[in-house]
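Spelled out from the first residue to the last, the chains are:
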Amino acid sequence: MRLSSAAIAAFLTASSYYTSTAFQTHQPRSLHLRRTTNTNGVNHVDSNDDSSNKKFVAALQAFKLEEGQQSNMFDGPRPLVKERDACGVGFIANTNSGDEFGTHKVLQEGLTALDCMEHRGACGGDGISGDGAGIMTQIPWKLFSEYRSDNCPQPGVGMVFLPRDETRRDQVKQVIESVCKANELDFMGWREVPVDPSTLGPNARAVVPSMWQMFVKAPQRLEDDEETRDGFERTLYLVRRRIAVELKNNGLTWDDDDGEVYFASFSSQTIVYKGMVQGCVLPQFYKDLQNEDYTTKFVIYHRRFSTNTNPRWPLAQPMRVVGHNGEINTLLGNVNWVKAREKSKVLDVSQLDDLVDAEKTDNIVMLCNTQDVPSVLEPLVDLNRSDSANLDAVFELMTKSRHRAPCALMSLVPTAYENEPALRDNPEIVDFYKFHGGLLEAWDGPALLVFSDGKSIGASLDRNGLRPARYSITKDGTVYMMSETGVIPDLDEADIVQKGRLGPGQMINVDLATGEFKDNIKIKSEIASRHPYGEWLKKGRKEVTKMGFSEERIYDDATTTFAQGTFGWGLEDIGMQIQDMAGSAKETTYSMGDDAPIAVLSERPHTPYNYFKQRFAQVTNPPIDPLREGVVMSVAMTLGKKESIYKVSEKGARLIHLESPVLNTNEMDRIASYAEPENGGFKQATLSTRYSLEDGPEGIKAAIDAICNKAAEDVRNGVEVLILSDKASGQSELDDTTYIPPLIAVGAVHHRLIKEGLRMDTGIVVETGSAWSTHHFACLVGYGANAVHPYLALETVKQWHGLPRTQSMMESGKLSKSTVDEAQQNYRVAVENGLLKILSKMGISLLTSYHGAQIFEAMGLGEEVI
């Protein structure tokens, strides 16, 4: 008997225990299932013939697949459940040996190291095909000497994967050449890359692209020298993204195993050779790598181990700028914020007509939306790509702006700079991280990143240091950096003059022009000293530190109890959660078994929060221990307008920094005081999310539209702090009105502002009576809130503290004695620690990275709501 996977999924949706990953590893013991594939390639599940399962099986048949649908199981966002890497990576750099083009020895050592990293990679079922292996080097100009001339010593070189079919390939080439010609790139010719397909495994050979290199001259408007090299690089970068659009416009995209069109690199400085092979096969497949004329000053090598996804030629690494060993746990949030940031750029898209002029291309990468113009440029980020590919895309764009590669990486993957003893003598580095931390959320997760923009080469570890990274420097000036020692068998210990390892958040860098090696402090201090970040922060940044709590009640007991009922509070919430959080500064401990039906199947009404389940770390990604590793974690947030990350200026320091995302009345008053012109001039507005009961059930749609429209209008008028409040003035307003659930309200406003290109111009504070547990706060922050003022939860703490029963328990020693202020402080501590625990389950260190990430599974809510 056969069941569709959709039927199984429909059944499992009824239990919060089964996630997409859990389904694969935890099958119900009473039903033994086996996934098979029919002749049409459709997945099915076979059950055993046990009679006890027949009723269960028959019931599942009610959930049919739609025509042409292979599965309606929602595995989750692709970046969370598909693309994961755990690899071997490293680099070798020597600028002293050989001539201006380096030596073949550097390449040979890099290939040897790649081969020795084989145990860190994976191979296919045929035992020969690999998950991926590759190298990035300086362009081997000796090898390409026929394409160089006195008037064009360094042309642009593209390494392109093309279809095997000659007709398709010729069509693609024609489009590529026409786009280059339209952008003043004089096309010099194609070179078919010498390869040996016989070295490939059956799996890799079945899908191998045709490998070609293309050469273009710099536009005559750009002088072809080192000073204008950045302008040429920007043109190549933009033209590459333009080509992808034109191929699609011409219908030259194919969804089969011979439809790959991919630029592994397109630069006048670096080139990438990579493929779906094992490390030892790479130089056998690419014959160029055996040629003595292939010389270079550096090589980045990468051996891929991919989990939860099938290997593909384009997914092999290095990418165009970075080689990545690890996982980006915050990818959903990062991509969402990149889209919001691109949408907020102010330069008109008409500027995209000129991809050549150096000044205009500089403006394009810094000031023009390059995400939402699919008719002109390929989107910058895409959740259908891997986490490494998206990180590489943003990193590459930053290096094409005025960021040097180490600066870009310091911003994207910051160290845990707070209370770091190693930085006590370098306040400029701390100021750099404070400044950029306000503008850009960290790409967080275990990661070793090796990078090069052609000017320098380096490596950096994530703030937790969860990937191995060691380096050695020899007498001849060669720098070896690798995931582990021993990958260079011929390296003589007597030749090593310095060696070490990267610690959490540390970086090393080699200047490819001078050969200078820069350790963690030197490179970071050099980058941080380029701007007076400390002065900017002192002038523009406002601090909201934790303040004492008010003991004054806002409602009487009867009104408080009524408000609790309208916001969905239960007796258990007050008698257990509030008591534990306010009394002992800890969350309530529940039993592991939960026999209550999930929200979608319950006969009782539930708050929207209950339809969401938090995701957790998987595969090679360990969760963080928030108790022992708390030094690398933070719940600090910011409010205000976030300036461009691509163009550093003093305006970027003008933000309100919140020590805690859980605000009290006094802190709300402090934020309000910053609206005064002499105190920062942070314009603020409060939008009520309450609407009349007379509007009936349909009133909520009108109310949502109204607050979204008003929010967009206010932000256009300069509002930098937007407060969404469901607070009622008293009993009469509670009687006559209801409210938009805060999770719905903040999500609607957040996405409307993104759509309008306004989200980066303001911070959102949710002032609500419908948030009391840590899950509620996590949902609100995860869907866009910068901070939360839980006024009713704090009011409930005051109410609970004044109860005779509470006072009696304190007197008897069953509860620790506390004042009203201390009880509210305990509540906030419990919420903050609960948020840290939730972050740690996903392997995320910073609440700013969790902000807007939407890392939840939702069951029972329609797409219109989500």
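Predicted model only: the values in this text are computed from it and were never measured.

Calculation rules
Residues numbered from 1 in each chain as written. Predicted model: local features only at pLDDT ≥ 70, side-chain atom pairs only at ≥ 80, totals over all residues. Heavy atoms only, no water. Helix = DSSP H or I, 4+ residues; strand = E, 2+ residues; numbered from the N terminus. Buried < 20%, exposed > 50% of the residue type's maximum accessible area, 1.4 Å probe, protein only. Contact = heavy atoms within 4.5 Å. Areas by Shrake-Rupley, 256 points an atom, 1.4 Å probe, with all protein chains shown as cover. Axes fitted to C-alpha atoms, helices over the stretch in contact; angles between N-to-C directions. Nonpolar A, V, L, I, M, F, W, Y, C, P; charged D, E, K, R; others polar. pLDDT = per-residue confidence, 0-100. Pairing = 2+ DSSP bridges. Expected span 1.5 Å × (residues − 1). Phe/Tyr/Trp six-rings, centres within 6.5 Å; stacked < 30°, edge-to-face > 60°. Salt bridge = Lys/Arg side-chain N within 4 Å of Asp/Glu carboxyl O. Core = buried A, V, L, I, M, F, W, Y, C linked by side-chain atoms within 4.5 Å. Parallel < 35°, antiparallel > 145°, perpendicular 65-115°, else oblique. Left-handed = near helix turned anticlockwise from the far one by under 90°.

## So, the overall build of the protein chain
1) Next: A tally of helices and strands in the protein chain yields 27 helices and 32 strands.
2) Next: Each of the 866 residues in the protein chain was classed as buried or not, and the buried ones make up 58%.
3) Next: When contacts within the protein chain are restricted to residue pairs at least 6 apart in sequence, those whose partners lie at least 24 apart make up 78%.
4) Next: Carbon and sulfur atoms make up 47% of the accessible area of the protein chain, which amounts to about 35200 Å² in all.

## Focus on unusual backbone geometry
1) Next: Along the chain, Gln317 connects to Pro318 via a cis peptide bond; the corresponding omega equals 10 degrees.
2) Next: By the secondary structure assignment, Pro318 is in the loop between strand E13 (306-307) and strand E14 (322-326).
3) Next: Positive phi, normally seen in glycine, also occurs at Gln854, with a value near 55 degrees.
4) Next: Note on placement: Gln854 falls in the loop between helix H27 (847-850) and strand E32 (856-858).

## Here we look at the packing of helix H24 (residues 791-802) against helix H25 (residues 804-812)
1) Next: Taken N-terminus to C-terminus, the directions of H24 and H25 make an angle of 65 degrees; their axes are 4 Å apart at the nearest point. Each of Trp800, His801 and Gly802 in H24 lies in contact with H25, whose residues at this interface are Pro804, Thr806, Gln807 and Met810.
2) Next: In terms of residue class, the contact of H24 with H25 is built from 3 nonpolar, 4 polar and no charged.

## A look at the confidence of the model for the protein chain
1) Next: This prediction gives the protein chain a mean pLDDT of 87; 88% of its residues lie at or above 70.
2) Next: Predicted confidence is poor over residues 1-63, with pLDDT under 50, and the contacts of this stretch with residues over four places away or in other chains come to 93 contacts.
3) Next: In the predicted structure, residues 79-85 sits below a pLDDT of 50 and forms 44 contacts with residues beyond four places in sequence or in another chain.

## Quick notes on the sheet that holds strand E9 (residues 210-217)
1) Next: Read across the sheet, 4 strands follow the order E8-E9-E7-E10 without closing on themselves; strand pairing throughout is antiparallel. Among the strands making up the open sheet, the edge pair consists of strand E8 (186-192) and strand E10 (262-267). With strand direction ignored, the average angle separating the axes of adjacent strands in the sheet is 20 degrees.
2) Next: Sheet topology places strand E7 (residues 156-162) next to E9; 7 bridges connect them, and they run antiparallel. Considered in E9, the bridge of Leu162 is made with Ser210.
3) Next: Of the strands in this sheet, E7, E8, E9 and E10 are in contact with helix H6 (residues 166-182), which crosses E9 at around 20 degrees.
4) Next: Across the sheet, helix H8 (residues 229-249) touches E7, E9 and E10, and the angle it forms with E10 is around 160 degrees.

## Structural notes on helix H12 (residues 387-400)
1) Next: In a regular helix each residue adds 1.5 Å, so 14 residues correspond to 20 Å; H12 covers 20 Å between its end C-alpha atoms and thus fits that length.
2) Next: Within H12, 14 of the 14 residues are buried, which leaves the element mostly enclosed by the surrounding structure.

## Overview of helix H23 (residues 774-782)
Quick reminder: α-helices carry 3.6 residues per turn. Residues three or four places apart thus point the same way.
1) Next: In terms of burial, H23 is a largely internal element, 8 of the 9 residues being buried.
2) Next: Three or more residues of H23 are buried, namely Thr774, His776, Phe777, Ala778, Cys779, Leu780, Val781 and Gly782.
3) Next: Positive backbone phi, approximately 130 degrees, marks Gly784, located one or two places after H23.

## Some details on the packing of aromatic side chains
1) Next: Enumeration over the complete set of coordinates arrives at 25 aromatic pairs.
2) Next: Between Phe161 and Tyr262, the aromatic rings sit 5.6 Å apart at their centres with planes inclined by 50 degrees, giving tilted as the arrangement. Residue Phe161 is located in strand E7, and its partner Tyr262 is located in strand E10; the two are separated by 101 residues in the primary sequence. Both residues of the pair, Phe161 and Tyr262, belong to the buried class.
3) Next: Each ring, one from Phe612 and one from Tyr783, has its centre 5.4 Å from the other, and the planes form 65 degrees; the classification is edge-to-face.

## Details of the sheet that holds strand E26 (residues 684-688)
1) Next: Taken in spatial order, the 4 strands of this open sheet run E26-E28-E30-E31, and their pairing is parallel. Every other strand in the sheet has two partners, leaving E26 and strand E31 (787-789) as the edge strands with one partner each. Across the sheet, the mean angle from the axis of one strand to that of its neighbour is 25 degrees, orientation sign disregarded.
2) Next: Pairing of E26 with strand E28 (residues 721-725) involves 5 bridges; the strand directions are parallel. Bridge pairing in E28 links Ala685 to Leu722.
3) Next: Along the sheet, helix H20 (residues 699-716) contacts E26 and E28; its crossing angle with E26, the most-contacted strand, is approximately 175 degrees.

## Side note on the side chain of Thr689
1) Next: Of note, Thr689 is situated in the loop between E26 and strand E27 (690-692).
2) Next: Filtering out sequence-adjacent residues up to four positions away, Thr689 remains in contact with Ile707, Leu724, Ser725, Asp726, Thr738, Tyr739, Ile740 and Ala745.

## Some thoughts on the pattern of salt bridges
1) Next: Tallied over the entire structure, the rule returns 35 salt bridges.
2) Next: For Glu184, the salt bridge is made with Arg221, and the minimal N-O distance between the two is 2.6 Å. A residue pair is termed long-range when its members are at least 10 positions apart, and Glu184 in the loop between H6 and E8 and Arg221 in the loop between E9 and H8 qualify at 37 residues.
3) Next: The partly exposed category is assigned to Arg221, whose relative accessible area is 44%.
4) Next: The residue Arg628 makes a salt bridge to Asp625 at a minimum N-O spacing of 2.8 Å.
5) Next: Exposure remark for Arg628: the relative accessible area of 71% places this residue in the exposed category.

## Considerations on the nonpolar core
1) Next: Ranked by internal contacts, the top residues of the largest apolar core, which has 92 residues, are Ile656, Leu722, Val749, Leu780, Tyr827 and Tyr850.
2) Next: Sort the elements by how many residues they give to this core and helix H26 (residues 820-841) lands first, with 8 residues.
3) Next: Among all residues touching Tyr850, those that are not within four sequence positions of it are Gln614, Ala778, Val781, Gly782, Ile838, Leu839, Ile844, Ile855 and Phe856.
4) Next: One finds Val89, Ala389, Ala469 and Met481 within the second-largest nonpolar core, a separate group that totals 67 residues.

## Considering the environment of His776
1) Next: Looking at the secondary structure, you find His776 in helix H23.
2) Next: For the pair His776 and Leu835, spaced 59 residues apart in the sequence, the C-alpha separation amounts to 9.9 Å.
3) Next: Once you skip the residues sitting within four places of it in the chain, His776 turns out to touch Tyr609, Ser770 and Ala771.

## Let's talk about the packing of H20 against helix H22 (residues 742-755)
Between two packed helices, what matters for the description is the angle formed by their axes and the separation of those axes.
1) Next: At a minimum axis distance of 9 Å, the contact between H20 and H22 shows a crossing angle of 45 degrees. On the basis of their axis angle, the class for H20 and H22 is oblique. You can see that H20 and H22 cross each other, and the crossing is right-handed. In this structure, H20 uses Ile704, Ile707, Cys708, Asn709, Ala711, Ala712 and Val715 to contact H22, whose residues at the interface are Ile744, Ala745, Ala748, Val749, Arg752 and Leu753.
2) Next: Within the contact of H20 with H22, the residues separate by chemical class into 11 nonpolar, 1 polar and 1 charged.

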